[in-house]
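Remarks on the overall topology
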Amino acid sequence: MDIRQITPRYFVAPQIEPGDMESLRAQGITRILCNRPDAEVPPSHQAAAMRNAAEAAGIAFAEQPLTHQTMTPDVIANNRALGVETDDTVLAYCASGTRSTIAWALGQAGEMDSDAIIEAARQGGYDLENMRPMLGQSYT
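To start, this report covers the structure provided alongside it. (Residues numbered from 1 in each chain as written. Predicted model: local features only at pLDDT ≥ 70, side-chain atom pairs only at ≥ 80, totals over all residues. Heavy atoms only, no water.)

**A word on the environment of Arg122**
Threshold: Starting at the N terminus, helices and strands are each numbered in turn, a helix being any DSSP run of H or I of at least four residues and a strand any DSSP run of E of at least two. Contact between two residues is taken to exist if any of their heavy atoms lie within 4.5 Å; hydrogens are not considered.
Mapping Arg122 onto the fold places it in helix α5 (residues 114-123). Considered as a pair, Arg122 and Ile6 are 116 residues apart in the sequence and their alpha carbons are 8.5 Å apart. Not counting the four nearest positions on each side in its chain, Arg122 is found in contact with Asp127 and Glu129.

**Brief notes about the nonpolar core**
Defined as follows: Here, nonpolar core refers to any group of buried Ala, Val, Leu, Ile, Met, Phe, Trp, Tyr and Cys residues whose side-chain atoms link them within 4.5 Å. Burial here depends on accessible area, computed with a 1.4 Å probe over protein chains only, as a share of the maximum for the residue type. Under 20% is buried, over 50% is exposed, and the range in between is partly exposed.
One finds Ile6, Tyr10, Leu33, Trp104, Leu106 and Leu135 to be the most contacted residues of the largest nonpolar core, which totals 26 residues. Sorting the residues of this core by element identifies β2 (10-13), α3 (73-82), β5 (90-93), α4 (98-108) and α5 as the ones contributing at least two each. With five residues, α4 is the single largest residue contributor to this core. Here Leu106 is in contact with Met71, Ile76, Met131, Met134, Leu135 and Tyr139, once residues within four sequence places are set aside. Formed by 17 residues, the second largest nonpolar core is a distinct cluster that contains Phe11, Ile32, Cys34 and Ala57.

**Details of the pattern of salt bridges**
Where side chains of opposite charge bring their charged atoms close, a pairing between them can arise. So the rule is basically this: Salt bridges, as used here, are contacts in which a Lys or Arg side-chain nitrogen is within 4 Å of a carboxyl oxygen on Asp or Glu.
A complete count under the given rule lists 11 salt bridges for this structure. Note that Arg99 and Glu40 form a salt bridge whose closest N and O atoms lie 2.8 Å from each other. Of the two residues, Arg99 sits in helix α4 while Glu40 sits in the loop between β3 (31-34) and α2 (47-56), which places them 59 residues apart along the sequence. When its relative accessible area of 11% is taken as the criterion, Arg99 is described as buried. Here Glu129 ties to Arg132 by a salt bridge, and the two come within 2.6 Å at their closest N and O atoms.

**Concerning the side chain of Arg99**
What counts here: In protein, a polar contact means a hydrogen-donor-capable atom and an acceptor-capable atom, both N or O and within 3.5 Å, with residues adjacent in sequence counting only if both atoms are side-chain atoms; elsewhere, any N or O pair within 3.5 Å suffices.
One polar contact links Arg99 to Glu40, side chain to side chain, over a distance of 2.8 Å. Every residue in contact with Arg99, bar those within four places of it in the chain, is listed here: Arg36, Pro37, Glu40, Leu66, Thr67, His68, Met71 and Cys94.

**Examining α4**
Every α-helix winds through 3.6 residues per turn, so residues three or four apart in the chain are directed the same way. Among the 11 residues in α4, 10 count as buried, and that is most of the element. All buried positions along α4 are accounted for by Arg99, Ser100, Thr101, Ile102, Ala103, Trp104, Ala105, Leu106, Gly107 and Gln108. Check the buried side of α4 and you find it contacts β1 (4-7), β2, α3, β5, α5 and α6 (132-135). Looking one or two residues past α4, Gly110 carries a phi angle of roughly 85°, positive in sign.

**Examining the state of the cysteines**
In protein structure, a disulfide is the covalent linkage between the sulfur atoms of two cysteines. The following threshold applies: Two cysteine sulfurs form what is called a disulfide whenever their separation falls within 2.5 Å.
Summed over all chains, the structure comprises zero disulfides. You can see Cys34 has no disulfide; the closest cysteine sulfur is in Cys94, sitting 9.2 Å from it.

In structure tokens form, the structure reads like this:
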């Protein structure tokens, strides 16, 4: 697994496996946030299968499928509510972790300084410098 820390309680990753859940729980993950649409993955990795595996391991599961076209303010606000605004330690995943990181960044816009958002993403391995103009004011 390629888990990348964005904040002390928010992590992102490329696609995870149903069999990863016990390891994720052991690493302190208490909520999985699926940002990957079912149409992108085989049935074994669709949200229902991932939810079953997560819940069997004692991990909460939330789903907010994202595409670049669906990252509207309402969707980003919901994604933030399912992830950052919980008391859980969250692992958000998609194909590469990029969409989950972008959604996190847009959800933090206007709440955190844009430099801090960009640096947190950079520490996780994601370059969001091109988003700087969008991160200076609230997106949601």
